[in-house]
Amino acid sequence: MRRLSILLAGCAVVAAHPALAAETAAEAAAPAAEAPAADTGEAIVVYGTGQTRQTQELRTADLAVLASGTSPLKAIEKLPSVNFQSADAFGNYEWSTRVTIRGFNQNQLGFTLDGIPLGNMSYGNMNGLHVSRAISPENIGVTAVSQGSGAIDTQSTSNLGGTLEFKSIDPAELLRDHHVAIDASGSYGSEETWRGFGRIAVGTPDGVRGFASLQYQDGNKWKGNGQQRTLMTNVKFIAPAGAVNLEGWYSYSDRVEQDYQDLSLEQIGRLGYDWDNFGPGQYALAVRVADIGANNGYTGVVPTNPAAGTTYPGKITSPDDAYYDAAGLRRDWVYAFGASGPLSDTLSFALKTYYHHNRGMGLWGTPYLASPSGVPMSTRTTEYDIKREGVFGNIVADLGMNKLTIGGWAENNDFNQARRFYGFTSRTTPGIDFHHFLSNPFATQWDMSYNTVTYQYYVMDDIDLGQFKINLGWKGFDVKNNASRNFELTPGGHAIGSLRARDWFQPHAGVTYKLGGGSELFAGFTQVTRAFTADATSSPFSTTQAGFNTISANGLKPEQSDTYEGGLRFNTGNFNGVLGAYYVNFRNRLLTIPTSVGIVGSANVVQNVGDVRAYGFEAVGNYKLPYGFALFASYSYNDNTYRDNVTYRSGGVTVVQPTAGKTVVDTPKHLARGELSYESTSFFGRVAVNYMSKRYFTYTNDKSVPSRTLVDATIGYRLDVGQRTPVELQINGTNLFDKRYVATIGSNGFGFSGDNQTLLAGAPRQIFATLKAGF
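Residues numbered from 1 in each chain as written. Predicted model: local features only at pLDDT ≥ 70, side-chain atom pairs only at ≥ 80, totals over all residues. Heavy atoms only, no water.

Caption draft 1: Expanded view of unusual backbone geometry. At Arg102, a residue that is not glycine, the phi angle is positive and equals roughly 55°. Take Arg102: it is sitting in the loop between strand 4 (98-101) and strand 5 (110-113). By relative accessible area, Arg102 is classed as buried at 2%. The residue Glu192 is not glycine, and still its phi comes out positive at about 55°. Relative to the helices and strands, Glu192 resides in the loop between strand 9 (180-189) and strand 10 (193-203). (Helix = DSSP H or I, 4+ residues; strand = E, 2+ residues; numbered from the N terminus. Buried < 20%, exposed > 50% of the residue type's maximum accessible area, 1.4 Å probe, protein only.)

Set out below in structure tokens:
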């Protein structure tokens, strides 16, 4: 009953008082009405005119020009200070997907879909889900990126360094002047990848309307043995009821991703970029390597096959070079219902409730524990179950020169996480399929439950003085985390207890001033606190009970940031863009220090380790050339440095790591992007260049990966056959010059010094063709 209380209470208010609903919180904060996203003649990058912070929006067309099924996160990599990485061509492979903004990592950003919080979108997400499991890219109307701390009305307690707000398309944009609209596409390309998407929209543009879509994608990994596939359905409806608009959303996703092997620089030099896990086709070799690791004492497993010897075959030097297999399985269900409408001539109201259920399993073939059958390895899993429900809304008073908004958000999140082991059948037959959820484990290492209750509110006043506009406001929250133990093989290996982060006043102040001629100045200040999270692998609860007791007694502090930013926006017809600069003081940095290689998964050391200073410059612009051509370019310089050394206890010894003055891991100083595009009635195309400078993957900066430049291209042809939309053939090429490079760093976290297996190779050149039609 407690689990459903928030959801049911919100639904009851909507049902009993439909006239008190208004546009959603995200829409209420928008400074201008959205243009039809499907119109390719309109600008697809909007530079946040009227906003007091650095912000841009991408439209549907900027996603449509990418390879079919590409993540919206890959689309935003063109924007300044956005560092996006993924080991696959689509940007969907979750183990590898990383996005940082101005040096803040993914766990320090905020993400929402139609206002529904997506949590931190990390791989082992404990408080949400990845956007690529929540909505098909064809159904995204707007992707709004705020490089600063983001809007204070965002449903997030982690947005230290920015927000990404995804907004689903209005069915009216699909219907236009029709009562039924059908869109379909089919794609095929490299690695036998194929994808199908279908959508039907029904209703009237200004009346009851909705759409339902189905997506399926399947393809082989670009190296090694394995598949990556997704099944997803989305349903949305909008139903006017007098002055009130009712809105509903449903999504279901079933994702299977067999993983690529994490590499070190030494491995890349010795084994090459194409090295990968053994996979089902090399089960006998995986068993042999595990036997050798047991025989020579590397894994600690009791030897059962001395005949295998102690010398590894070929270039292999340890069982960590390659594991038998690895995979991530995720199933998600998301439901939402809201209402919008005027309360009076000056008042409007918004309310939306949501429910999210996730079932997940991460599988890893480990040589560090034998199966009961005598096979010198087993399948280690991390198992996830999320059940969260919430409600958010606002009331808006339009008082002439003042527009006052008061809003709030409440969420209850029950999260269960467990570490289990499953046995292989025999030395010749694995008996385990990494495409499916497993059952009947032979051992459970730990089984933990976490509850997080969030209450957040905000107050915002937009003051319009003509050329001069002021935005003032603040937000506050109270977040309580509780951890309990269902089972643990070694009690005390993971912490139980509670943490609380409470900060009722996180202010924002900003101004804009119109200079005339389409130009304006903007400046703003925002202070944000990040609440603690609760899980067994990355949060403060991922340490031992003794460690948790120590950091709790010492007063563990939540992370905080102060962001100062300002700049100039200009729009002179054919040319529009932004110049901006920022300064950030990041305090109470919380560091999770691994104590073993990733596959072993020992408890972490967690503590506050000081401050970070960040400053930078950003430039972005579009220029429309004659004859259908256009240029886009962005550049950012980012300087992020640690201000303190890291001191911690390890094995009873005080360790001091010299990190003061070092560059923050995974923060390239230079990011540059350029695009040349062409658009006519029949033909369209785009060539994009993406440059990223050197990135460090150790806190002391002794190890790094070099800069890289990637080139992607799109070419297409539209044939008008008298349908609602033309038939379209589109061909996409990614990494056209077949650059070998490291895509993701930090897949297994970051170390203080030395090489380690935390790198993922980028996909080689790949080609995909897509046929689209609309009726």
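Caption draft 2: Geometry of the packing of aromatic side chains. Applying the stated rule across the entire model yields 33 aromatic pairs. Note on Tyr699 and Phe752: the rings are 5.2 Å apart at their centroids and 55° apart in plane angle, and the pair reads as tilted. A residue pair is termed long-range when its members are at least 10 positions apart, and Tyr699 in the loop between strand 32 (695-696) and strand 33 (704-705) and Phe752 in the loop between strand 36 (742-745) and strand 37 (759-761) qualify at 53 residues. Overall, the relative accessible area of 8% leaves Tyr699 in the buried class. Looking at Phe752, the relative accessible area reads 9%, which means it is buried. One aromatic cluster is present, formed by Tyr384, Phe415, Tyr450, Phe541 and Phe548 through successive ring pairs. Here the guanidinium or amino end of Lys78 rests over the ring plane of Phe632, the centre of that ring lying 4.4 Å away. (Phe/Tyr/Trp six-rings, centres within 6.5 Å; stacked < 30°, edge-to-face > 60°. Lys NZ or Arg CZ within 6 Å of the ring centre and 35° of its normal.)

Caption draft 3: Broad picture of the side chain of Asp666. Inspection of the secondary structure assignment puts Asp666 in the loop between strand 29 (653-657) and strand 30 (670-679). Nearest to the buried, unbridged Asp666 among oppositely charged side chains is Arg695, at 4.2 Å. Polar side-chain contacts of Asp666 include one of 3.2 Å to the side chain of Asn83. Not counting residues up to four positions away in its chain, the partners in contact with Asp666 are Asn83, Gln85, Thr100, Arg695, Tyr696, Ile745 and Phe750. (Lys, Arg positive; Asp, Glu negative; His and termini not counted. Salt bridge = Lys/Arg side-chain N within 4 Å of Asp/Glu carboxyl O. Polar contact = N/O pair within 3.5 Å; in protein donor to acceptor, adjacent residues only side chain to side chain. Contact = heavy atoms within 4.5 Å.)

Caption draft 4: Up close: the pattern of salt bridges. Taken as a whole and assessed by the stated rule, the structure comprises 37 salt bridges. Residue Glu618 is joined to Arg102 by a salt bridge in which the shortest nitrogen-to-oxygen separation is 2.9 Å. Here Glu618 is found in strand 26 (residues 612-624), whereas its partner Arg102 is found in the loop between strand 4 and strand 5, with 516 residues between them in sequence. On the basis of relative accessible area, Glu618 is assigned to the buried category, the value being 0%. The salt bridge involving Arg740 is made with Asp274; its shortest N-O contact spans 2.8 Å. One end of the pair, Arg740, is in the loop between strand 35 (725-734) and strand 36; the other, Asp274, is in the loop between helix 6 (265-271) and helix 7 (283-295), and 466 residues separate them in sequence. For Arg740, a relative accessible area of 30% puts it in the partly exposed group. Taking relative accessible area as the criterion, Asp274 reaches 47% and is therefore assigned partly exposed. Beyond isolated ion pairs, a larger network of salt bridges with shared partners links Glu94, Arg133, Arg255, Glu257 and Asp332.

Caption draft 5: How the structure looks around the nonpolar core. With 97 residues, the main nonpolar core has Ile76, Phe111, Leu118, Leu164, Phe166, Met377 and Phe424 as its most contacted residues. The element best represented in this core is helix 7, accounting for six residues. If near-sequence neighbours (up to four positions away) are discounted, Ile76 is found in contact with Leu58, Val82, Val99, Thr143, Val145 and Leu164. Ala87, Tyr123, Phe532 and Val606 belong to the second largest nonpolar core, which has 32 residues in total. (Core = buried A, V, L, I, M, F, W, Y, C linked by side-chain atoms within 4.5 Å.)

Caption draft 6: Local environment of a nonpolar patch on the surface. Together, Met401, Leu465, Phe468, Tyr513, Leu515 and Leu521 give the surface a local cluster of nonpolar side chains, amounting to about 520 Å² of exposed area. Tracing the backbone through its elements, the reader meets Phe468 in strand 19 (residues 468-488). (Patch = residues over 30% accessible without salt bridge, like charges linked within 9 Å, V, L, I, M, F, W, Y side chains within 5 Å. Areas by Shrake-Rupley, 256 points an atom, 1.4 Å probe, with all protein chains shown as cover.)

Caption draft 7: Spotlight on the pairing of strand 5. Residues of strand 5 alternate between two faces, with Gly110 and Thr112 on one and Phe111 and Leu113 on the opposite face, all of them buried. The pairing of strand 5 with strand 6 (residues 116-117) spans two bridges and is classified as antiparallel. Looking across to strand 6, one finds that Leu113 is bridged to Ile116. Counting the residues in the hairpin turn of strand 5 and strand 6 gives two residues, including Asp114, whose phi is positive at 50°. (Pairing = 2+ DSSP bridges.)

Caption draft 8: Fine view of the sheet that holds strand 2 (residues 55-59). Overall, mixed pairing links the six strands, which are arranged 1-2-7-8-5-6 in an open sheet. Two strands lie at the open edges of the sheet, namely strand 1 (45-46) and strand 6, each paired on one side alone.

Caption draft 9: Empty space enclosed by the protein, seen in detail. Across all of its chains, the model carries 14 cavities of 30 Å³ or more by this definition. The volume enclosed by the largest cavity comes to roughly 380 Å³. Along its surface, the largest cavity is lined by 28 residues, and Lys74, Glu77, Asn690, Leu710 and Asp712 are the ones closest to its centre. Broken down by secondary-structure element, the contributors of at least two residues to the lining of the largest cavity are helix 4 (72-75), strand 3 (82-85), strand 30, strand 31 (683-692) and strand 34 (708-719). Broken down by element, the residue count for the lining of the largest cavity peaks at four residues, all from strand 31. Within the lining of the largest cavity, the residues separate by chemical class into eleven nonpolar, six polar and eleven charged. (1 Å grid on protein atoms, 1.4 Å probe; cavity = no way out; pocket = protein on both sides within 12 Å on 5 of 7 lines; lining within 4 Å. Points joined across faces, edges and corners; volume = space filled by probe spheres on them. Nonpolar A, V, L, I, M, F, W, Y, C, P; charged D, E, K, R; others polar.)

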